[in-house]
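# Examination of the molecular architecture
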Amino acid sequence: MSSRFTRDGSAALEARLATICRDTTKRLRNRLPPSILEGIALGGGYGRGEGGVFKTATGDAPYNDVEFFVFVSGPLLLQQQRWGKTLQQTAHELTEDYGIEIEFKMLTLAKLRRSPTSMFYYDLVMGHRWALGDDSLLTGCEHHRDSSKIPLHEATRLLMNRSSGLLFAKQRLTKDIFTDEDRDFVARNLAKAQLALGDVLLAAHGYYHWSCLERRKRLIALDLPLVSALNLIPHHTAGVMFKLHPTVSQAPREELAALHHTLTQATRSLFLWLESRRLRHPFTTTASYLESNLDKCPETDPLRNRLINARQFGFRALSDTRYPRQRLLHGLCELLWEDPSSEPTSIDIQEYERLWHHFN
């Protein structure tokens, strides 16, 4: 990994991020028993050395959230119950002190070692910076280092999440009064969707990489019809540029709406292609996807799904063996990728957003 937090941020920004890491480590070591604290790793863009650099009148500033993984020993649920509020309070204090969102995710090394490969764990294992500990802690996690093992449903989840950003942006674009905050929200989610278009295609073919710059190179080298048909290279390049050098958009609403329309059509086409490949069933329209009785999350356990549905939707949902994420996949078809032949929506945007926060 790079010794830097960013590709080209100023020395002052690098020093600020290093101070955050040291202060975070000090506070956590003071508040968590040494018998359970095994390591602290900085993840996300700054952990990979590709964090966003936001240019301001007073110099470079961080843009992305600063995400720490706190590795503890013992049963994860028990430690979350015991120390979750402590982590939450510490994160709140650090956020207030440094003026940027600090996040903690508690994890055990045992869970990391036994979990199947996913995009989330691949990014963590391949792109991190230790604030406490070293890579010897990751012994037994070698399966997370091979991006070709990332399953197709992970690509679907990434596309669902970034398409959800387009759905929430659509809400803002149709408001009577379009504020600067709305403009920034829309532009940010458009950029994330642009990046995701290429990332999803790479993941689907086993070529995903932790570095967004390397992903751009691989996408350019990927000789597939979808790359040109969906104009993926210009979109992905714009997404990479925003990720590394985010800006506050000054674009008029009409310009953002036009790009939103283009990306909505592109994500719809990519979604139908991906789901046809993943579920081994041809889907040519969102209506055909909605009408299909196929289980859209076959990688999940039906018995466990019954319990999740009962807890989320009430006892009457105990008979439902489908994972709730299927409702989100269908919701996108209905709310974002409207098809003239589809039925009236079975979910509204408020319910969709509530479910998305639980099952994204």
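The structure reproduced in this document is the subject of the present report. (Residues numbered from 1 in each chain as written. Predicted model: local features only at pLDDT ≥ 70, side-chain atom pairs only at ≥ 80, totals over all residues. Heavy atoms only, no water.)

## Observations regarding the sheet that holds strand E5 (residues 102-107)
Worth spelling out the cut-off: In this description, strands pair whenever DSSP reports at least two bridges between them. Working definition: helices are DSSP H or I runs of at least four residues, strands are E runs of at least two. Numbering for both runs from the N terminus. Only the contacting stretch of a helix is used when fitting its axis, a line to C-alpha atoms as for every element, and angles between N-to-C directions run 0 to 180 degrees.
Ordered by their spatial adjacency, four strands build an open sheet running E5-E4-E1-E6, and the pairing between neighbours is mixed. The outermost strands of the open sheet, each flanked by one partner alone, are E5 and strand E6 (129-132). Neighbour-to-neighbour, the strand axes of this sheet turn through a mean angle of 30°, independent of strand direction. Here strand E1 (residues 37-42) pairs with E6 via three bridges, running antiparallel.

## Details of empty space enclosed by the protein
We count it as follows: A 1.4 Å probe that fits into a set of points on a 1 Å grid over the protein atoms alone but cannot get out defines a cavity; an open set with protein on both sides within 12 Å along at least five of seven lines defines a pocket, and lining residues are those with an atom within 4 Å of a point. Grid points are joined across faces, edges and corners, and a volume is the space filled by probe spheres set on the points. Gly is placed with the polar residues, together with every amino acid not listed as nonpolar (Ala, Val, Leu, Ile, Met, Phe, Trp, Tyr, Cys and Pro) or charged (Asp, Glu, Lys and Arg).
Overall, the coordinates contain one cavity of 30 Å³ or more when judged by the stated rule. Each pocket or cavity is described by its volume, and for the largest cavity that value is around 50 Å³. As for the largest cavity, its lining consists of His153, Thr156, Arg157, Arg278, Lys296, Cys297, Glu299, Arg325 and Leu329. For the lining of the largest cavity, the secondary structure elements donating two or more residues are helix H6 (152-173) and helix H14 (325-335). For the lining of the largest cavity, the element with the highest residue contribution is H6, accounting for three residues. Taken together, the residues that form the lining of the largest cavity break down as two nonpolar, two polar and five charged.

## A look at the layout of surface pockets
Counted as a void, the second largest pocket has a volume near 240 Å³. Ala187, Leu190, Ala191, Gln194, Ala238, Phe242, Thr247, Ser249, Ala251, Glu255, Leu256 and Leu259 are the residues that line the second largest pocket. Put simply, the parts of the chain that give the lining of the second largest pocket at least two residues each are helix H7 (180-204), helix H10 (232-244) and helix H11 (253-279). Of all the elements, H7 adds the most residues to the lining of the second largest pocket, at four residues.

## Quick notes on helix H3 (residues 76-98)
Using the following cut-off: Here a helix's expected span is defined as the number of its residues, less one, multiplied by 1.5 Å. A residue's bend is simply the angle between two axes: one fitted to the seven residues ending at it, one to the seven starting at it. Buried residues are those whose accessible area, probed at 1.4 Å on protein chains only, stays under 20% of the maximum for their type, while exposed residues exceed 50% and partly exposed ones sit between those limits. In this analysis, two residues are considered to be in contact whenever any of their non-hydrogen atoms come within 4.5 Å of each other.
Taking 1.5 Å per residue as the helical rise, H3 with its 23 residues ought to reach 33 Å, whereas the 29 Å between its terminal C-alpha atoms falls clearly short. The axis of H3 is deflected most strongly, by about 55°, at Trp83. Along H3, the positions that sit buried rather than exposed are Leu76, Gln79, Leu87, Thr90, Ala91, Leu94, Thr95 and Tyr98. Turning to H3, the residues buried within the fold contact helix H1 (11-31), strand E4 (66-72), E5 and helix H4 (109-114). One or two positions beyond H3, positive phi appears at Gly99, with a value near 70°.

## A few points about the environment of Thr6
Worth spelling out the cut-off: Under the rule applied, a polar contact is a pair of N or O atoms within 3.5 Å (in protein, one hydrogen donor and one hydrogen acceptor; residues adjacent in sequence only if both atoms are side-chain atoms).
Mapped onto the elements, Thr6 comes out in the segment before H1. Each C-alpha atom, one on Thr6 and one on Val53, is 7.1 Å from the other, the two residues being 47 residues apart in sequence. Ignoring any residue separated from it by four or fewer positions in sequence, one finds Thr6 in contact with Leu13, Glu14, Leu17, Tyr46, Gly49, Gly51 and Val53. A polar contact is formed between the side chain of Thr6 and the backbone nitrogen of Gly9, at a distance of 2.8 Å.

## Considerations on the packing of H14 against helix H15 (residues 349-359)
Packed helices, taken two at a time, are described by the angle their axes make and the gap between the axes. Rules: Here roughly perpendicular refers to angles of 65 to 115 degrees, roughly parallel to angles under 35, roughly antiparallel to angles over 145, and oblique to all remaining angles. Left-handed is the label given to a crossing in which the near helix is rotated counterclockwise from the far helix by less than a right angle, and right-handed is the label when the rotation is clockwise.
Two elements in contact, H14 and H15, have axes whose closest approach is 10 Å; the angle formed by their N-to-C orientations is 140°. In terms of axis orientation, H14 runs oblique to H15. You can see that H14 and H15 cross each other, and the crossing is left-handed. Residue-level contacts link Arg325, Arg327, Leu328, Gly331, Leu332 and Leu335 of H14 to Ile349, Tyr352, Leu355, Trp356 and Phe359 of H15.

## Comments concerning the pairing of E5
Look at any regular strand and the pattern is simple: side chains alternate between the two faces of the sheet. Where we set the bar: Here the term right-handed applies to a crossover when the path leading from its first strand over the helix to its second strand runs clockwise, the strands being oriented away from the viewer.
Pairing of E4 with E5 involves six bridges; the strand directions are parallel. Across the sheet, the residue bridging to Val66 is Ile102, located in E5. Between the parallel elements E4 and E5, the chain passes through H3 in a crossover that is right-handed.

## Concerning the packing of H6 against H11
Put simply, H6 and H11 touch, their axes get as near as 10 Å, and they point 155° apart. As far as their axial angle goes, H11 and H6 are roughly antiparallel. Crossing hand, H6 versus H11: left-handed. Here the residues of the contact of H6 with H11 are counted per class, giving 12 nonpolar, six polar and five charged.

## As for the nonpolar core
What counts here: Buried Ala, Val, Leu, Ile, Met, Phe, Trp, Tyr and Cys residues form a nonpolar core when they are joined through side-chain atoms within 4.5 Å.
One finds Leu201, Leu256, Leu270, Phe271 and Tyr352 to be the most contacted residues of the largest nonpolar core, which totals 60 residues. Ranked by residues supplied to this core, first place goes to H7 with 11 residues. Setting aside its immediate chain neighbours within four residues, Leu201 contacts Leu219, Leu222, Leu224, Leu226, Val227, Leu232, Leu270 and Trp273. If you look at the next biggest cluster of nonpolar residues, it comprises 28 residues, including Leu13, Ala18, Leu87 and Leu94.

## Description of the packing of aromatic side chains
The criterion, for reference: Between the rings of Phe, Tyr and Trp (Trp by its six-membered ring), a pair exists once the centres lie within 6.5 Å; its type follows the angle of the planes, with under 30 degrees stacked, over 60 edge-to-face, and the other angles tilted. Two thresholds decide whether a charge sits over a ring: the Lys NZ or Arg CZ must be within 6 Å of the ring centre and within 35 degrees of the ring normal.
Summed over the entire model, instances satisfying the criterion amount to 13 aromatic pairs. Ring plane angle 45° and centroid distance 5.8 Å describe the contact between Phe54 and Tyr63, whose orientation is recorded as tilted. Centre to centre, the rings of Phe168 and Tyr352 are 6.2 Å apart; their planes meet at 65°, and the pair counts as edge-to-face. One end of the pair, Phe168, is in helix H6; the other, Tyr352, is in helix H15, and 184 residues separate them in sequence. For Phe168, a relative accessible area of 8% translates into the label buried. Members of the aromatic cluster, joined through ring pairs, are Phe271, Phe283, Tyr289 and Trp337. Over the face of the ring belonging to Phe5 we find Arg129, whose NZ or CZ atom lies 3.8 Å from the ring centre. Directly above the aromatic system of Phe313 lies the positively charged group of Arg327, at a separation of 3.7 Å from the ring centroid.

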